[in-house]
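Understanding the architecture of this molecule
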There are 2 protein chains.
Amino acid sequence: MIKIRTAQLAAVPSHIRKNMKQIEKEAALARAEGAHILVLPEMCLTGYLIGDLWDQNAFLKECERANEKVAALSKGLTIVWGSLAVDWDLINDDGRPRKYNAAFAASNGHFIYPEGSPLPFTVKTLLPDYRCFDDRRYFTSLESLALEEGKRPEDILAPFVLPAGKEELRCGIVLCEDSWDENYRISPMSILAEKGISLFLNLSASPFTMGKDGKRHRMFSESLSRLSIPMLYVNRRGLENNGKDCYTYDGMTAAYDKDGQLIAEANPFTDERSTFYFNQENLTLAPETEMEPTDENLLLPAFRYGTSEFLKAIGASKVVIGVSGGIDSAVNAALYRSILPAENILLVNTPTRYNSELTKGLAAELAENLGCQLLTVPIGDFIDETADALEGLPLPDDTVHLTGFMKENMQARDRSSRILAALSAAFGGIFTCNANKTETTVGYGTLYGDLAGAFAATADLWKYQIYDLGRKLNAWYGRAVIPEGIFTVMPSAELSENQDVTQGKGDPLIYEYHDYLFRSFIEPWQRQTPEDILKAYANGNLEDLIGCSIIVSNIFPTAKDFIEDLEKWWNLFSGFAVAKRIQTPPLLAVSRRPYGYDLRESQLRPYYTDAYLSLKEKLLAD
Amino acid sequence: MIKIRTAQLAAVPSHIRKNMKQIEKEAALARAEGAHILVLPEMCLTGYLIGDLWDQNAFLKECERANEKVAALSKGLTIVWGSLAVDWDLINDDGRPRKYNAAFAASNGHFIYPEGSPLPFTVKTLLPDYRCFDDRRYFTSLESLALEEGKRPEDILAPFVLPAGKEELRCGIVLCEDSWDENYRISPMSILAEKGISLFLNLSASPFTMGKDGKRHRMFSESLSRLSIPMLYVNRRGLENNGKDCYTYDGMTAAYDKDGQLIAEANPFTDERSTFYFNQENLTLAPETEMEPTDENLLLPAFRYGTSEFLKAIGASKVVIGVSGGIDSAVNAALYRSILPAENILLVNTPTRYNSELTKGLAAELAENLGCQLLTVPIGDFIDETADALEGLPLPDDTVHLTGFMKENMQARDRSSRILAALSAAFGGIFTCNANKTETTVGYGTLYGDLAGAFAATADLWKYQIYDLGRKLNAWYGRAVIPEGIFTVMPSAELSENQDVTQGKGDPLIYEYHDYLFRSFIEPWQRQTPEDILKAYANGNLEDLIGCSIIVSNIFPTAKDFIEDLEKWWNLFSGFAVAKRIQTPPLLAVSRRPYGYDLRESQLRPYYTDAYLSLKEKLLAD
């Protein structure tokens, strides 16, 4: 029996030295346990989403030296790990040194060459280049390598024969996307299976997305049962970012038997190691390990892990949160309080005369429930003073006149850029941005105001998901730390008398509809545009298309109403809101398509297709 | 003789309808002139840098219909254009519809098929995936297409035979990168030359970068003289962005004869059409056209064009500029004034007691020279009032105490987020961010303060280039609109008494050195890191490596001083400054590596290689 140990490392992005230390520790633990093979994730020395750091040759050389150190660690133990490989004699298409996203194996201090390979590693075959992934920007694929040598991928891709005590393990080592082959011309797993292997090892750095674990199980099970080969999937943990988007890695190392059945799965987001036995035919979990597959909803665990890791990564342990008495700030406060002690949180309420007693009271109740200090800093006088100072000043063609709308934005900027920024500096921490995805989509928020902050934890959640996260937080606390009144109060920015919640007035968004409409603009793999929306409206199946439960004709009595609303928001979404998103803080990515580097956007003028315009004309004429 | 006409269209990104109108106009002009062939640039219907708009199938269909309309325009005229091609029966690797960056030709209403091709277009062979380019994210290359069909690129890439009056033109049509083949495995131009063609047409969407035109001439001349085939290079004009970075396209349509000599070149950034004669052997310029190759420095033209196009693109015609009396804001003011009437500009000076009479006077002089209105809005009292309101408020572990440093940031935020933001709203325009690349590199600036604004025109210029642009602006005006005193005053933020310019105190940066040190971190194709810098320092050739003229040992008497300075700035560059850059405004890209989407960055902890650390230890021990 071969004993295989896995470690779902939380690689620190770019910090090769720290990651080397983790690997040394894992090797010692594996050796102490008498494991024959230790399996580590993809890119576990450098991290994966590290931007253009791959341009720094000194960094590449550091990584090569670290690979040699890992090989040197493999005394009495076979180590399998994902890392960068460089061939200094060749170049990438960009003229920089040739780089591969590679998998290595070493035993007794020596690198193991895949069968018949001149290279002491195997190369990632399928390089993703969608969402946040830019693999082709940095790495040469096995397919390109084959082409260059006048070969086919199947001529190069080869099994590893790994020493395992007195036995040998003939296995196929693949990297992440290599097992997600549904849209590719070639299947690395099929090629390796043809060459006769008894086990797959998949080394991954697969960012968490809601619902992805289910899809993974379905895809992997299907392939493995077809090939009749078991698989160990080792995914990393930790947090990485590409500037705008912060991604968690859930770990969730998993084992599938030769029938494709999921037989074990690590707890998400936890520092778990696991041990498996392999009898040259099938994989079994070591009896001492407990790894029940999870069926937990991962929304809250992802948020608590991701937010906590983000704070650690930037070296912050204190946060200032502006709380209005509304749901967004309440969810953020409860989220941070679930990972930080009360004394590391300062809640700040900054009312003007437009803020109701109701919401001020709810903010106070929230603070009390969380055990956090609440500062109240009224800003109305200051806004008035600024307005007085500016009103009537000469302009080239006029004099300054500040409209109500301008004063609303002044309030928002005053809260964040004056009060929260100064208080967070004095407190020695950061201040948060409490935006949600619905607002962000249409730019319903003020730059340098409520759109400012060091981190926008909840900006990848639609409004309905904000409420859901709030409920989950209350369940986690085991009591209603977010008061029920916050769930039921009208969502409102309370920046003018037109947004008076006590009169039932609030945001101009109909969340029951707009959440789903906006989601259809960006999250489906085939994205919807006004043309698609209007066609569905005309066909009476819009609710199905966007997945909302409200009946659209109940909101918009006529086609004209419907079209006006659609165009108003589409113009904002594809126009001015992009300008705002360029300057918003990093967010925690959990959806299938977060704004930022995942959904890449140019500042453009909104566009309507000819087909849209003629259907619109027809509908308005009817 | 074949008469070929070119039009360097300024494609409006994503606006197919507007671009179609431009093409209709060009076709009419070409026909009126009796041209046989009209050549248009790459992606001239959709634009090129349009982010993930390629995910919208309705947009793809709109583009297909537009291609048919262009073909229909080709009555009595052959039209060659770059555009998107879609094959709905195939998929890209991401599972979305198969898309090609393609070149089309049509004559008498019909698409022309490349020789032996089943497809009515040719596919871009070399897809760039570096800097701002993401071609492989969206498009399938000719090489991948060949692979899929079990063929080689040379089996597929084929000449077009274009009708030209009573003659025919057998030409090779390539797209942009296809002619920049130095680092690729295959050369589309060589393949086409082998197949016997008499002329190359290169359709481009090649963003402007300083110095790129010279490199283009050298590369193209070398290839063409080797192949002994002339070329017409048709590049687009206009401005595109990918969010953070705005790129100009210079047009600069160029003709090279069969010896590779540049025989004609359009004026940069201008709406030029040109006409050429081709006698089946060589290319000559129509005698009625004047196209002297330019040897102008394009820095100022790029800035005037790019800034002007940006304002048009976002629909802004008025700007508010905070002017401090320093060089950065002065250059921005002079730049905007060079493209806008005086009454569309409002200059604002927002002094505190730390601003000297010297700089306030210089700001006033600048405003007078530009004929612009200057508003003076002192902010000292407001800062004091905010400080009074916050000082001493209770914190969970302490009370609020605002340090001098915190008050500096408060001043910066107050200027932008309170004063400039409100004034620009009242004026009906935007306010500018006047940052430069040196500050941006190390985050020497305040978020929501001097780093805020709708556009950071000069943020891709090192400090020495800011001065250079200032000199060029004065030369353009023909008088010193930027007063000489602004060129000579100590650069300073004037946020405290430690930055008193009248005492010769100012910024903590030694621009004569740091400009070049920082440049070496990001702009060379092989980027420098502390390891490379310290090695060069130890070898005594640092000045050569980074290209500065100051002697480094004159600034840093000891290795310890040198290392402290290096680490201080590297820590900021690779640490906190990234957090700031995530939230900074769009900039005008002119360098070989602008921050943003061109240099992609993750928020990471600074890293020093082992080799750096041991050299450091050695140097400090000496």
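Residues numbered from 1 in each chain as written. Chains lettered and ligands numbered in written order. Predicted model: local features only at pLDDT ≥ 70, side-chain atom pairs only at ≥ 80, totals over all residues. Heavy atoms only, no water.

The name given to chain A in an unreviewed UniProt entry is Glutamine-dependent NAD(+) synthetase, with the source organism recorded as Dialister hominis. Taken from UniProt, the Pathway (unreviewed entry) comment for chain A reads in full: "Cofactor biosynthesis; NAD(+) biosynthesis; NAD(+) from deamido-NAD(+) (L-Gln route): step 1/1." The heading Catalytic activity (unreviewed entry) in the UniProt record of chain A holds the text "deamido-NAD(+) + L-glutamine + ATP + H2O = L-glutamate + AMP + diphosphate + NAD(+) + H(+)". (UniProt positions renumbered as here; feature names shortened; annotations may be inferred.)

All names here are of chain B. Running from amino to carboxyl end, helix α9 (residues 327-337) crosses helix α14 (residues 463-477) at an angle of 40 degrees, the nearest separation of the two axes being 9 Å. Between α9 and α14, the angle is such that the two are oblique. The interaxial crossing formed by α9 with α14 has left-handed handedness. Between α9 and α14, the contacting residues are Ile-327, Asp-328, Val-331, Ala-334, Leu-335 and Arg-337 on the first element and Lys-463, Ile-466, Tyr-467, Leu-469, Gly-470, Leu-473 and Tyr-477 on the second. Looking at the contact of α9 with α14 residue by residue, the classes come out as 9 nonpolar, 1 polar and 3 charged. (Axes fitted to C-alpha atoms, helices over the stretch in contact; angles between N-to-C directions. Helix = DSSP H or I, 4+ residues; strand = E, 2+ residues; numbered from the N terminus. Parallel < 35°, antiparallel > 145°, perpendicular 65-115°, else oblique. Left-handed = near helix turned anticlockwise from the far one by under 90°. Contact = heavy atoms within 4.5 Å. Nonpolar A, V, L, I, M, F, W, Y, C, P; charged D, E, K, R; others polar.)

Residues and elements named next belong to chain B. Applying the stated rule across the entire model yields 89 salt bridges over all chains. A salt bridge links Asp-468 to Lys-472; the nearest nitrogen and oxygen atoms lie 2.9 Å apart. Of this pair, Asp-468 and Lys-472 both sit in helix α14, separated by 4 residues, roughly a single helical turn. Since its relative accessible area comes to 31%, Asp-468 is described here as partly exposed. (Salt bridge = Lys/Arg side-chain N within 4 Å of Asp/Glu carboxyl O. Buried < 20%, exposed > 50% of the residue type's maximum accessible area, 1.4 Å probe, protein only.)

On to the side chain of Ser-221 of chain B, then. All names here are of chain B. You can see Ser-221 is positioned in helix α7 (residues 212-227). Among the polar contacts listed, one links the side chain of Ser-221 to the backbone oxygen of Gly-260, at a separation of 2.6 Å. Non-local contacts of Ser-221, meaning those with residues more than four positions away in its chain, are made with Tyr-256 and Gly-260. (Polar contact = N/O pair within 3.5 Å; in protein donor to acceptor, adjacent residues only side chain to side chain.)

Let us look at the domain arrangement of chain A. Residue and element names in this part refer to chain A. By domain assignment, chain A separates into domain 1 (2-295) and domain 2 (304-621). Distance from the C-alpha centre of domain 1 to the C-alpha centre of domain 2: 39 Å. Contacts between the two partners involve 21 residues from domain 1 and, on the opposite side, 27 residues from domain 2. Taken together, the two surfaces of domain 1 and domain 2 that pack against each other cover about 1,800 Å², and 55% of this comes from carbon and sulfur. Counting the surface domain 1 buries against domain 2, the share from its top three residues, Arg-131, Lys-244 and Cys-246, is 37%. For the pair domain 1 and domain 2, the number of links is 2 salt bridges. The partner of Arg-131 in a salt bridge is Asp-598, and the shortest N-O contact between them spans 2.8 Å. Between the two partners, domain 1 and domain 2, sit 17 residue pairs in polar contact (both at pLDDT 80 or more). Among the elements that make up the side of domain 1 that touches domain 2, the one with the highest residue count is strand β12 (residues 245-250) (5 residues). (Domains from an automatic or database assignment. Buried area = accessible area lost by both parts, 1.4 Å probe.)

Bringing the interface of chain A and chain B into the picture now. Between chain A and chain B, the residue contacts involve 115 residues of the former and 114 residues of the latter. Summing the contributions of chain A and of chain B, the shared interface buries around 9,800 Å²; its carbon and sulfur component is 52%. For the interface between chain A and chain B, the tally reads 16 salt bridges. With its nearest N and O atoms 2.8 Å apart, the salt bridge here joins Arg-593 of chain B to Asp-55 of chain A. With 12 residues, helix α12 (residues 404-427) of chain A is the single largest residue contributor to the side of chain A that touches chain B. Residues belonging to the side of chain A that touches chain B are distributed by class as follows: 56 nonpolar, 25 polar and 34 charged.

On to the sheet that holds strand β18 (residues 345-349) of chain A. Consider a sheet: its strands pair through backbone hydrogen bonds, and that pairing is either parallel or antiparallel. All names here are of chain A. On the basis of which strands lie adjacent, the open sheet formed by 4 strands has the order β19-β18-β17-β20 and parallel pairing. Of all strands in the sheet, those bounded by a partner on one side alone are β19 (373-376) and β20 (430-431). The pairing of β18 with β19 spans 4 bridges and is classified as parallel. Within the sheet, the bridge partner assigned to Val-348 lies in β19 and is Leu-375. (Pairing = 2+ DSSP bridges.)

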